[in-house]
Each structure stands twice: as structure tokens, then as C-alpha cells.
Amino acid sequence: MRKAIFPGSFDPITLGHEDIIKRSLPLFDEIVIAIGVNAEKKYMFSLEDRKRFIEETFQHEPKISVITYEGLTTELCRKLNANFILRGLRNPADFEFEKAIAHTNRRLAKIETVFLLTAAKTSYISSSIVRDVIRNNGQYEMLVPDAVRVTK
């Protein structure tokens, strides 16, 4: 079974995340969207809201589950018997950062990372940009799935 973990903070999930997840469905038998918890990070949305946004976005997709976790992603992969980590790449800076993590993960746990390039139409979207638009009362709706749009 090809099981992938798609880790992130998803604060909030964006159309870029949604695109990567939908395009990866044919590649895996199961995708676990894993919302990482970092006590030192200040989030705009609660953990419960972030989980609900994702669950609502993919409520009709049986291959997808959503969990929260703390600690190393490689440990989560071991615990869930996942053989892949899924990551999206928007730009060269993302690649350099993600490449270092992928090499470390492969060394720590023999986990392969699968990279998908974001679609051109969503490559400029990041959660931090969405949060900034929301903070400044901008029109964020075209950047996020419907589940997030009702939250303002």
C-alpha cells in the first residue's frame, strides 16, 4: 500500500495545498494530511478550525484522512506505516529548504519524499500571504477553499 503523509501547519489550507492534494490522489492509496502542532508558533486559526477546514474540503474523498501530531514527521510515518512524505514546491527557495529536510528524513527513517510542483495558477499563494490579507481585511476568498471562506 502506498501511504503518504502530507505534513504542514495549514494555517489556513490554501488553494495551493488543495491542488497538490488532489493531484496526488492517483499516486497514493491513502493520504494522511497531518497538521503539525508547534507550541512555540502562534497560529491565526485554532487547531480545531484548521482540522475542520481540511475535513470539510475533502469530505467526499475516502482516500484522505486528517490528523494532528507533535514531534518528528518521520516518527509519525513509522507509527502510521507510511512510506512517503508529500510536499509541494512553489519556487526555488522552497526546493532548497525541502531538499535538505528530505535528505535528513531519508537518513533518519528511509522515508522517500515526493515533490509536486504547484500549478501556475496557485504558485503565488502561501498561508502567510493569506493570513496577511485576512489581517488587513482584504479579499482572501479567491485564495482558499470554500470551508475557509465562511470563517472571516
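Not measured: the values here are computed from a predicted model.

**Student:** How would you explain the nonpolar core if you had to name every residue and give the values?
**Tutor:** Formed by 26 residues in total, the largest nonpolar core has its most connected members in Ile-33 and Ile-54. Of all the elements in the fold, those that place two or more residues in this core are strand 1 (3–8), helix 1 (15–24), strand 2 (30–36), helix 2 (47–57), strand 3 (64–69) and helix 5 (127–135). The element that contributes the greatest number of residues to this core is strand 2, accounting for 3 residues. Contact partners of Ile-54, with chain neighbours within four places excluded, come to Phe-10, Ile-13, Ile-33, Ile-35 and Val-66.

**Student:** How would you summarise the pattern of salt bridges if you had to cite specific residues and measurements?
**Tutor:** This model, assessed by the stated rule, comprises 15 salt bridges. Between Asp-19 and Arg-23 there is a salt bridge, and its shortest N-O distance comes to 2.7 Å. In this pair, Asp-19 and Arg-23 are both assigned in helix 1, 4 residues apart and thus about one turn of the helix distant. Here Arg-106 and Glu-112 are joined by a salt bridge, their closest N and O atoms 3.4 Å apart. Salt bridges here are not isolated pairs; linked through shared partners, they connect Asp-49, Arg-52 and Glu-56.

**Student:** A description of the UniProt feature "binding site: substrate" (unreviewed entry) in the protein chain should follow, citing residues and the corresponding values.
**Tutor:** Per the UniProt annotation, the sites labelled "binding site: substrate" (unreviewed entry) are Ser-9, Lys-41, Thr-73 and Arg-87. Restricting the annotated residues to those that line the largest pocket leaves Ser-9, Lys-41, Thr-73 and Arg-87. Mapped onto the elements of the fold, Lys-41 is located in the loop between strand 2 and helix 2. Exposure remark for Lys-41: the relative accessible area of 41% places this residue in the partly exposed category. With respect to the helices and strands, the residue Arg-87 is situated in strand 4 (residues 84–89). Those residues in contact with Arg-87, other than ones at most four positions away along the chain, are Phe-6, Pro-7, Gly-8, Glu-98, Thr-113, Val-114, Phe-115 and Leu-116. For Arg-87, the side chain forms a polar contact with the main-chain oxygen of Pro-7, separated by 2.4 Å.

**Student:** If you had to explain the sheet that holds strand 1 to someone new, which residues and values would you point to?
**Tutor:** The strand order across the open sheet built from 5 strands is 3-2-1-4-5, with neighbouring strands paired in parallel fashion. Single-partner strands in this sheet number two, and they are strand 3 and strand 5 (112–117). For this sheet, the mean inter-axis angle between neighbouring strands, taken without regard to orientation, is 30°. Contacts between helix 3 (residues 73–80) and the sheet are confined to strand 1, strand 2, strand 3 and strand 4, with strand 1 contributing the most and set at about 150° to the helix. In the packing of helix 4 (residues 92–109) onto the sheet, contacts are made with strand 4 and strand 5, and the angle to strand 4 comes to roughly 170°.

**Student:** Please set out the pairing of strand 3 residue by residue, giving values where relevant.
**Tutor:** The pairing of strand 2 with strand 3 spans 6 bridges and is parallel. The partner of Gly-36 across the bridge, within strand 3, is Tyr-69. Crossover handedness for the path strand 2 to helix 2 to strand 3: right-handed.

**Student:** Mind laying out the environment of Ala-34, listing which residues take part and the relevant values?
**Tutor:** Its place among the elements puts Ala-34 in strand 2. Sequence spacing of Ala-34 and Leu-76 is 42 residues, and the spatial spacing of their C-alpha atoms is 8.9 Å. Residues within four places of Ala-34 in sequence aside, it is in contact with Ile-5, Phe-6, Pro-7, Gly-8, Phe-10, Ile-67, Tyr-69 and Leu-76.

**Student:** Talk me through unusual backbone geometry; I want residue IDs and the actual numbers.
**Tutor:** In this structure, the amide linkage connecting Asp-11 to the following residue, Pro-12, adopts the cis form with an omega of 0°. Tracing the backbone shows Pro-12 in the loop between strand 1 and helix 1. Even without glycine at this site, Phe-10 takes up a positive phi of about 50°. Tracing the sequence through the fold places Phe-10 in the loop between strand 1 and helix 1. Here Phe-10 falls in the buried class, since its relative accessible area comes to 2%.

Rules used in this analysis
Residues numbered from 1 in each chain as written. Predicted model: local features only at pLDDT ≥ 70, side-chain atom pairs only at ≥ 80, totals over all residues. Heavy atoms only, no water. Core = buried A, V, L, I, M, F, W, Y, C linked by side-chain atoms within 4.5 Å. Buried < 20%, exposed > 50% of the residue type's maximum accessible area, 1.4 Å probe, protein only. Helix = DSSP H or I, 4+ residues; strand = E, 2+ residues; numbered from the N terminus. Contact = heavy atoms within 4.5 Å. Salt bridge = Lys/Arg side-chain N within 4 Å of Asp/Glu carboxyl O. UniProt positions renumbered as here; feature names shortened; annotations may be inferred. 1 Å grid on protein atoms, 1.4 Å probe; cavity = no way out; pocket = protein on both sides within 12 Å on 5 of 7 lines; lining within 4 Å. Polar contact = N/O pair within 3.5 Å; in protein donor to acceptor, adjacent residues only side chain to side chain. Pairing = 2+ DSSP bridges. Axes fitted to C-alpha atoms, helices over the stretch in contact; angles between N-to-C directions. Right-handed = clockwise from strand over helix to strand, strands pointing away.

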